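What follows is the residue order along each chain.
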Amino acid sequence: MVLYSALYGLLVSESNALVLGALLLFACLGAVMVATRRVDWYEIGKMDAPETPPATPA
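Treat the numbers as computed from the prediction; the structure is a model and nothing was measured. (Residues numbered from 1 in each chain as written. Predicted model: local features only at pLDDT ≥ 70, side-chain atom pairs only at ≥ 80, totals over all residues. Heavy atoms only, no water.)

S.K.: How do you make sense of the overall build of the protein when you look at a structure like this?
M.R.: Broken down by element type, the protein carries three helices and zero strands. Taken from the N to the C terminus, the helices and strands of the protein come in the order α-α-α. Taken along its principal axes, the extent of the C-alpha atoms in the protein is 70 × 25 × 15 Å. Looking at the 58 residues of the protein, the share that counts as buried comes to 2%. Only carbon and sulfur atoms are counted for the fraction: they give 71% of the accessible area of the protein, which is about 5,700 Å². (Helix = DSSP H or I, 4+ residues; strand = E, 2+ residues; numbered from the N terminus. Buried < 20%, exposed > 50% of the residue type's maximum accessible area, 1.4 Å probe, protein only. Areas by Shrake-Rupley, 256 points an atom, 1.4 Å probe, with all protein chains shown as cover.)

S.K.: Could you clarify how one ought to interpret the packing of helix 1 (residues 2-12) against helix 2 (residues 17-35) in this entry?
M.R.: One way to put it is that helix 1 packs onto helix 2 with a least axis distance of 8 Å and a crossing angle of 160 degrees. Compared by their axis directions, helix 1 and helix 2 come out roughly antiparallel. When you trace helix 1 past helix 2, the crossing you get is left-handed. Contacts between helix 1 and helix 2 involve Ala 6, Leu 7 and Leu 10 from the first element and Ala 17, Leu 20, Gly 21 and Leu 24 from the second. The class makeup of the residues in the contact of helix 1 with helix 2 is six nonpolar, one polar and no charged. (Axes fitted to C-alpha atoms, helices over the stretch in contact; angles between N-to-C directions. Parallel < 35°, antiparallel > 145°, perpendicular 65-115°, else oblique. Left-handed = near helix turned anticlockwise from the far one by under 90°. Contact = heavy atoms within 4.5 Å. Nonpolar A, V, L, I, M, F, W, Y, C, P; charged D, E, K, R; others polar.)

Dropping the structure here:
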């Protein structure tokens, strides 16, 4: 509901649409960063990579 009201306010205010849109996007990005700050993305990437055997010297 908050997001819809923010988008409605953004559409109604034509003169400040770019500034308000940038601020809304910045707030959303900040919220995603705060929500995922404890996620170890490198560990998640290791789980998706297939296990390869070590190369043997010829």
